[in-house]
Amino acid sequence: MMTAPWRDSALSAEARVEDLLSRMTLEEKAAQLYGVWVGASTDAEAGVAPHQHEMATDWNWDEVIAHGLGQITRSYGTAPIAPDEGARALARAQRTIMAANRFGIPAVAHEECLAGFTAWGATAYPVPLAWGASFDPQLVEELGRRIGSDLVAAGVQQGLAPVLDVVRDLRWGRVEETIGEDPYLVGTVASAYVRGLESTGVVATLKHFAGYASSAGARNHAPVRAGEREFADVTLPPFEHGLRHGGARSVMAAYTEIDGVPSHSDASLLTDLLRERWGFTGTVVADYFGVGFLESLQRVADGLGDAARVALEAGVDVELPTLRCYGKPLVEEVRAGRVSEDLVDRAARRVLLQKCELGLLDEGWSPEPKGSLDLDSAGNRALARKIAEESVVLLANGGGALPLGPSAGRRIAVVGPRADDAMAMLGCYSFPSHVLPHHPEVELGVEIPTVLEALRGEFPDATVEFAAGCDTQDPDTSGFADASSLASSSDVVVAVLGDRAGLFGRGTSGEGCDAADLALPGVQGELLDALLETGKPVVLVLLTGRPYALGRWADRLAGVVQGFFPGEEGGSAVAGVLSGRVSPSGRLPISVPRDPGGQPWTYLQPPLGLANEITNLDPSPLYPFGHGLSYASFAWEVFEAPASGAEIGTDGTYEVSATVRNTGDLAGTEVVQLYLHDPVATVTRPDMRLIGYQRVELSPGEARRVTFRFHADLSSFTGRAGTRVVEPGRLELRLAASSADVRHVFPLTLTGETRVVGHDRELLCPTEVSKAE
């Protein structure tokens, strides 16, 4: 029997898909455009997606799969299931789907993988904000590879990560899911993760496209009122990085609306910009229930079928997580002539092309697991530990109190609600935080040492005692007395405070857990005051999903260590920094405010957004973007460029370098940062913005030369005409240890005509590290 052309792997994917489409009925094509979420709860208290209980749709499995199925939603991430059992269940589901439809086409299985594969027993890695603090894209690329390999082994083809939203207001609950407040840092780190994930064959999904983090008042799902320049110059560039330098094959539309137009209904965003201008050829997927929200929450559609029409016209190819609009309502609209079947064909073509790339249309494709799954291998844990260690930020070290040094005979009081809780290490998209609160009888599935446990291991000759003092959120202060008594009888106090990740108000950080201000949650600030009143040196350790205002204690603490939900090995990383076993090398991917009400604010401010005499409110952070201390000491010795006050064309390049030497007795890592300052432009510009960075590991006495190759395209911005331009005029390239610690300035002048640039402009500032005398 002759093989149908669509099964012939010798033909092009395009030819195969066109042949297949020509054979499919309307129902079969529509079936490729939605997912099914088996086992999703309809309990309002148990949901892991917004309005999950309201958006659940009654459906019959056998009836649904009779025409095929586009996606399987979260077969591992919905309830606790042993990995091997999950793999067998997924394979059974795929076999059933293949047997039920005329063409034997399997579904794409997708899972969340924001801070690791969101499955029971899988490695819980540090959250993306910690990736940003590492300033180490190469390490993050390895993270993507490891997560992707686990997904492939588990039979999963698509990962819903990374998040490329740029933080605009630190009160937003999902700050922990972002990489930081700077688009260059977000773009370079996120694209590294994408490269790693895609290298394993898994489809990476960029989210949330676009503007989700710019919601008014930092409220989840609130409208976005960003201007066109903020949108073009802050929101969009990370997505360009993820597509051009990461190779992502999918994009997820954002829940939010911009100037009254919801992203799921925005053809100018999802078609004109993404596809026609940027050349994207992959799939656009809906955020969970985002198509249905067009009718229910945003009211730009009149009924479910109309919501399907609006989303399809805009360019949403796949409805996730289940069939609410793209199922029967869509088919009925097409049959009635209110929706063109061409729109269904357009989306189905994109979906099937991706399935073809994944091998799902090949005759010999099999869903059977290849062997036993180990989702928390020794290699995974070692990588989780490395990222955690690189991401911990030493914010302050009053009088050199850290590292704590020899422990023999010392009494260490460990105080705080986050000190002896494994969940203190995890963000809201880790499986234990995301799913297990609804299954309290189930164990975590992975070993997660607490800070207290890690400190006892780190200081075996010390007396390490613990008092919680208070809860993360509860206002009860009855534990203060015991905490203060313990502190008074100790040599040093380690106060471990911070967030509890959760969903939709069930935590202090996470999706739907937005903050009214940036005061430490609950009565933790008052507990810290009580500990300081004992007169004993207090080292503050923060385990959080966002920064909190610390100005009230700025000059009173012996040290401040910041961890951003550092994952299952975070306790060991924090203890290592406190002991000195780990030399801190993390740098802030977001500013730490001085006062709780000093937001919304990030460092990307034009002159009038900075402190000035016009207003009595000073938004300057206590610890700025890029800040971080080390136990090593560094000297920036030699600064070089081709010529002082040089001129290059608006399409030219210019190299600048610095030699950094470790002048101390300990090995350490410096992070050399390059910022751009534009003194005069036709629109107001951020006073400084990051355009390059490089981690440099140095042994005692060692020196390295760090060279940045600046291209004029990196100075581009959206001009008054709405196009991206490189303008002639003066610039400054600033080599710095943080956005507030400039070590050298290189004046530079761009000459020639104003140059219009597009999506193909230079996005990266290449760096080179070489030996120095």
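Procedures and definitions
- Residues numbered from 1 in each chain as written.
- Predicted model: local features only at pLDDT ≥ 70, side-chain atom pairs only at ≥ 80, totals over all residues.
- Heavy atoms only, no water.
- Core = buried A, V, L, I, M, F, W, Y, C linked by side-chain atoms within 4.5 Å.
- Buried < 20%, exposed > 50% of the residue type's maximum accessible area, 1.4 Å probe, protein only.
- Helix = DSSP H or I, 4+ residues; strand = E, 2+ residues; numbered from the N terminus.
- Salt bridge = Lys/Arg side-chain N within 4 Å of Asp/Glu carboxyl O.
- Pairing = 2+ DSSP bridges.
- Arc of directions from axis to C-beta.
- Contact = heavy atoms within 4.5 Å.

Student: Would you take a moment to explain the nonpolar core for this structure?
Tutor: Within soluble globular proteins, side chains that are nonpolar tend to cluster in buried spots. Core analysis: the largest hydrophobic core is formed by 210 residues, its most contacted members being F209, Y326, L550, F710 and L733. If one sorts the elements of this core by residue count, helix α8 (residues 183-199) sits on top with 8 residues. A388, V492, V577 and Y631 belong to the second-largest nonpolar core, a separate cluster that totals 38 residues.

Student: Help me out: how do you make sense of the pattern of salt bridges in this one?
Tutor: Once their charged atoms are close, side chains differing in charge can pair, the charge on each being opposite to the other. Counting across every chain of the model gives 48 salt bridges. Among the salt bridges present, the one from D136 reaches R695, with a minimum N-O distance of 3.8 Å. One end of the pair, D136, is in the loop between α6 (128-134) and α7 (137-153); the other, R695, is in strand β20 (residues 689-698), with 559 residues separating them in the sequence. In this structure R695 comes out as buried when scored by relative accessible area, which is 10%.

Student: Explanation requested: the sheet that holds strand β2 (residues 71-73) in the structure shown.
Tutor: Strand pairing in a sheet takes place through backbone hydrogen bonds and is either antiparallel or parallel in direction. Spatially, β1-β2-β3-β4-β5-β6-β9 is the arrangement adopted by the 7 strands of the open sheet, whose pairing is parallel. Across the chains shown, the open sheet's two edge strands, defined by having one partner strand only, are β1 (35-36) and β9 (283-285). The pairing of strand β4 (residues 158-160) with strand β5 (residues 203-209) spans 2 bridges and is classified as parallel. Bridged to G159 within β5 is A204.

Student: I tried to follow helix α19 (residues 480-488) on my own but got confused; where do I start?
Tutor: Each turn of an α-helix holds 3.6 residues, which means side chains three or four residues apart point in the same direction. Within α19, the full set of buried residues consists of F480, A483, S484, L486 and A487. One side of α19 holds all its buried residues, which, seen down the axis, span an arc of 160°. Projecting away from the buried face of α19 at angles above 90 degrees are the exposed residues A481 and D482.

Student: It is not clear to me how the environment of D651 should be interpreted in this structure. Could you clarify?
Tutor: When you line up the elements, D651 lands in the loop between β17 (646-649) and β18 (653-662). Residues D651 and A712 lie 61 residues apart in sequence; the distance between their C-alpha atoms is 5.5 Å. Those residues in contact with D651 that lie beyond four places of it in its chain are H711, A712 and R755.

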